[in-house]
Amino acid sequence: LVRESISRAIREKTFPEGTVLLEGPVAKRMKVSRAPVRQALAMIEAEGLAHRFEGRGLIVGPPGTGPERDLLSRVIGAIAPPENHIAFSWQTFVDDLEARIMYQAFFGAVRVNEVELARHYGVSRSTARDALMHLEPLGLVEKDASFRWVVVPLDRQRISELYQLRDLLEPVALRQAVPFIPRDTITGMIERHETALRSYPSVTAGELYELELDLHVRCLEYSPNTTFVKVLRRTHCLLTLSKQIMGIRIDMPEYEPFMNEHLRILRCMRLGDDTGAELAMRSHIHASAIKVEDRATVMRRRYSATPQPFFQPVTT
């Protein structure tokens, strides 16, 4: 539905050539989360209605069209949320819920009460459940033995276990994916990383998170081993961790090495060097494990748990 709305706006010149399509503003206008917008923009790019460039987002028009960055804010009001979009969908509040659950995870497990969650966000219980079901595969919540929702703690042991899983599966999945990833896709990822590297530290945690998704989600989705990909989704909370705390709870570091580490991997991939990409990925995961554990330690030392109306103590 999002794709149809944007495609129509492009074809009818409501979004003229040069308009820079950005996930955030489109998601806000369409009243959905960024995930469906990201998928919709990928479809629009595949249709040839817009193309990537060195900056963020897509430019409406054929390759070579220059960006006019202020156009989107002037024309986006011409599109409206899909008529059959459900008001109060879980997508309208899941980002906020993710942030609250991620923060709690540093301080231990708590039960998530569906009834109180629905009351807090002013939605039905089934909608609240849908939001929790969206967060479950990402490793943020799970059902206990009594089928009650529980926040999964991000303590030292769990972070270690998740990185062991990544170390075993992710480099292999990436090596398998390399032959299937279009080289233009890899080039676009390299350009986005290089742009962010030049701009750092004038980038947001959300923009850095998108670079994490490039390598650790979008590339891996090309792996023919779909079981690996599904299992690795349980480790995505490690990516979410930095998105939710960097620049918010913890200052952005003066130097962020992961972009250069990503670039080393992506350049191997562009050359078709799947073995080099696998080895570079394993090295990157080892470095990331130390960094993430340090950030989790700082969070536990600097802050304390924040009560939420839908959190309850875990009872045995």
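Before reading further, recall that the structure is shown in the block above.
This structure is a prediction, so every number in the text was calculated from the model and none was measured.

Caption draft 1: Highlighting the sheet that holds strand β1 (residues 20-21). Read across the sheet, 3 strands follow the order β1-β3-β2 without closing on themselves; strand pairing throughout is antiparallel. Each of the sheet's edge strands pairs with one partner strand only, and the pair in question is β1 and β2 (50-52). Bridge analysis of β2 against strand β3 (residues 58-60) gives 3 bridges, and the strand direction is antiparallel. Residue pairing in the sheet places H51 in a bridge with I59 of β3.

Caption draft 2: Quick look at the pattern of salt bridges. Applying the stated rule across the entire model yields 25 salt bridges. For the salt bridge of R156 with E293, the shortest nitrogen-to-oxygen distance reads 3.5 Å. Of this pair, R156 sits in helix α8 (residues 156-177) while E293 sits in helix α14 (residues 274-302), and the two are 137 residues apart along the sequence. A relative accessible area of 53% places R156 in the exposed class. The closest approach of N and O atoms between D214 and R192, which form a salt bridge, is 3.2 Å. Of this pair, D214 sits in helix α10 (residues 205-219) while R192 sits in helix α9 (residues 183-199), and the two are 22 residues apart along the sequence. With respect to burial, D214 and R192 carry one shared label: buried. Salt bridges linked by common partners bring E23, R38, R192, E210, D214 and R218 together as one network.

Caption draft 3: Region of the structure containing the sheet that holds strand β7 (residues 311-312). Strands sit in the order β5-β6-β4-β7 across an open sheet of 4 strands; the sheet is antiparallel. Only two strands of the sheet have a single neighbouring strand rather than two, namely β5 (141-143) and β7. Strand direction decides the pairing type here: strand β4 (residues 111-112) and β7, joined by 2 bridges, are antiparallel. In the sheet register, V112 faces β7, and the bridge partner there is F311. Where helix α7 (residues 125-135) meets the sheet, it contacts β4, β5 and β6 (149-151), and its direction lies at approximately 50° from that of β6.

Caption draft 4: The packing of aromatic side chains, seen in detail. This model, assessed by the stated rule, comprises 6 aromatic pairs. Note on F93 and Y121: the rings are 4.5 Å apart at their centroids and 20° apart in plane angle, and the pair reads as stacked. With F93 in the loop between α4 (71-75) and α5 (94-105) and Y121 in helix α6 (residues 114-121), this residue pair connects regions lying 28 residues apart in the sequence. Taken as a pair, F93 and Y121 share a single burial class, namely buried. Among the aromatic residues, those joined into a cluster by ring pairs are F93, Y121, F310 and F311. Positioned above the aromatic ring of W149, the side-chain terminus of K143 is 4.6 Å from the ring centre.

Rules used throughout
Residues numbered from 1 in each chain as written. Predicted model: local features only at pLDDT ≥ 70, side-chain atom pairs only at ≥ 80, totals over all residues. Heavy atoms only, no water. Pairing = 2+ DSSP bridges. Helix = DSSP H or I, 4+ residues; strand = E, 2+ residues; numbered from the N terminus. Salt bridge = Lys/Arg side-chain N within 4 Å of Asp/Glu carboxyl O. Buried < 20%, exposed > 50% of the residue type's maximum accessible area, 1.4 Å probe, protein only. Contact = heavy atoms within 4.5 Å. Axes fitted to C-alpha atoms, helices over the stretch in contact; angles between N-to-C directions. Phe/Tyr/Trp six-rings, centres within 6.5 Å; stacked < 30°, edge-to-face > 60°. Lys NZ or Arg CZ within 6 Å of the ring centre and 35° of its normal.

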